[in-house]
Amino acid sequence: MTKELLKIQPVGGVGQIGSNMTRFVTENDNIIVDAGILFPSEDFFDINYLIPDLSELTNNPPTHLLITHGHEDHIGAIIHVIDKFPEIIIWAPKFAALLMRKKLDYAKVSKNILEYDHNTVLEFNDLCVHPIHVNHSIPDTYGLLFKDNKKRFSTLIVSDFKIDNRSPYEREFDFKKLKSLSKDCEKRVILADSTNILSTNLETPSEGDVLHNFKNIFKKDYENIYLTCFSSNVHRIASAITAAKESGRRVLLYGRSMINYAAVAAECGILNESDYYIDQASLPNKKKVVVILSGCQGDFRGSFRRVAKGEDTHFKPTTKDLFVISSKAIPGNEKKISLLENEITEQGIDIISTRDELIHVSGHPGRNDLAKLYQEYLPDYIVPIHGESLFLKKHIEFIDSLNSNAQAIHISNFDELSINNRLEIEVQKTTPLRPILIHGKAIEIEREHISVRRKLSNQGAIFLSIKTDSLLKRKIQYEYSFFGLPNFFNDDKEDFEYLINSELSGRKVKLLEKTADEIRIIIRRYAHNRLGYKPVTVVHFV
């Protein structure tokens, strides 16, 4: 008789890049790995982010949350997880733990976060979890190796990693530890990063290459250098600081997120606060400065956008300056960044980007890097995760092309992958739950309200308020407002008022709701005749 030893269930992060969360369940353990958010597409209106639907987890609540690293797509939903499971025990690497504590302080939520490092062994009832140091674009990143207490099988989840043997800032991927811990296991499973499966870089370059090129760029005869990168990439910030020192330039961190991440990096000993400024007023002068800007994706509130458009109070770039864009566009942000590049160019200012030199490297593996990982770990089963649906498909094709004994397994969010006592793998397909939309003060908003926002955005609106007790009088009293409609429509107020007066005069108002709906239809028809579309129309009696 077969018995389930381990069930693995992705709650988010499969078929998408974001909302990473994976559940590991045994008879006596219930652990989730990561609690991430998914940033919305441009089709969503003022939505802050999306989180996995946690409702299915409430019947058998997780007891522990293990965080692999501090990126938002792995820690951004921490407040929501604590709210849903207040007794959950949280473990995280130091860098991620510090970031999460800042989130909790800001939200005025009290919760202890335990810290682990590469020497920690997390012992549970049926499982033992070993952190495996990996390289990535944020410090203190780990893969997690799950082993059953009988050491019959191991499961490695490594959703974000690269292999960087020449990093100036961190140790190499700890293959030695991984091999030592897994070599005696009868079966090995891996859940692996699919982010760069389509990349033409078969091996992801080293952060050391970026440092080398920064040194050459910063020695050029420019007045100020405006550099933008991801705020979380503190190793990139460290490269900029090192290169600036060698070229006799000061460094200013400019933007709240940039300063916040640097503060955490300084607390971890990665950066030295004496090497940079965080207040432009404290600079001795504003010449020969490397200004590191937040908002590399063209974010509306980011300092990169503000400075590039010439709208910043303190920094006005000139033709003597240089912009260095040390990041790649996240899909969907290409147009925003392109428009900013055009504005910079039109001001006569030079730009160096990834099109020109190697000034950005990914935090994810190329195909050869994946092959290297599989050669070291020798998995029996490979499960692609952390990627869009096309990425997962291409990852499976790549695995099949390796001619290894490993079997590729495709799963989607909420599918259940089980290992039984015969060490056989079974996959149970399920219907995935849609992510939850979060806006405002971390509040859930239902999808039907997004549809209303979309209509308001696309079609504008007409609001009509009618004073009920005036309907029996000679002059009916009402007020109206137009929003998002062209000026010529506003200029036709006399026609609009004539329409309303005609419809209300002599109307026997017994069923106000029916009357309101009839008038709404008449107004929309009137607007369509003039505009070619029907604005959202609201009629109510007061």
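Residues numbered from 1 in each chain as written. Predicted model: local features only at pLDDT ≥ 70, side-chain atom pairs only at ≥ 80, totals over all residues. Heavy atoms only, no water.

Some thoughts on the domain arrangement of the chain
Phase 1 of the analysis: Domain annotation for the chain reports domain 1 (4–201 + 362–444), domain 2 (208–352) and domain 3 (460–541).
Phase 2 of the analysis: A C-alpha centroid distance of 53 Å is found between domain 2 and domain 3. (Domains from an automatic or database assignment.)

Points about the packing of helix α5 (residues 207–218) against helix α6 (residues 234–246)
Phase 1 of the analysis: Between α5 and α6, the least distance of the axes is 8 Å, while the angle of their chain directions is 35 degrees. α5 and α6 meet at a crossing whose hand is right-handed. Two secondary-structure elements touch here, α5 through E207, V210, L211, F214, K215 and F218 and α6 through H235, R236, S239, A240, T242, A243, A244 and E246.
Phase 2 of the analysis: Of the residues assigned to the contact of α5 with α6, the class counts are 7 nonpolar, 3 polar and 4 charged. (Axes fitted to C-alpha atoms, helices over the stretch in contact; angles between N-to-C directions. Helix = DSSP H or I, 4+ residues; strand = E, 2+ residues; numbered from the N terminus. Left-handed = near helix turned anticlockwise from the far one by under 90°. Contact = heavy atoms within 4.5 Å. Nonpolar A, V, L, I, M, F, W, Y, C, P; charged D, E, K, R; others polar.)

Things to note about α5
Phase 1 of the analysis: Between the first and last C-alpha of α5 there are 16 Å, a value that for 12 residues agrees with the 16 Å anticipated at 1.5 Å per step.
Phase 2 of the analysis: Most of α5 sits inside the fold, with 9 of its 12 residues counted as buried.
Phase 3 of the analysis: Along α5, the residues classified as buried are E207, G208, D209, V210, L211, N213, F214, I217 and F218.
Phase 4 of the analysis: The N-cap of α5, judged by a side-chain oxygen 2.9 Å from the amide nitrogen of G208 a few residues on, is S206. (Expected span 1.5 Å × (residues − 1). Buried < 20%, exposed > 50% of the residue type's maximum accessible area, 1.4 Å probe, protein only. Polar contact = N/O pair within 3.5 Å; in protein donor to acceptor, adjacent residues only side chain to side chain.)

Focus on the environment of F146
Phase 1 of the analysis: By secondary structure assignment, the location of F146 is in strand β11 (residues 141–148).
Phase 2 of the analysis: The exposure class of F146 is buried, given its relative accessible area of 0%.
Phase 3 of the analysis: Separated by 98 residues in the primary sequence, F146 and A244 have C-alpha atoms spaced 43 Å apart.
Phase 4 of the analysis: Look past the residues within four positions of F146 in its chain and what remains in contact with it is F24, I31, V33, L66, L127, C128, V129, F153, S154, T155 and I157.

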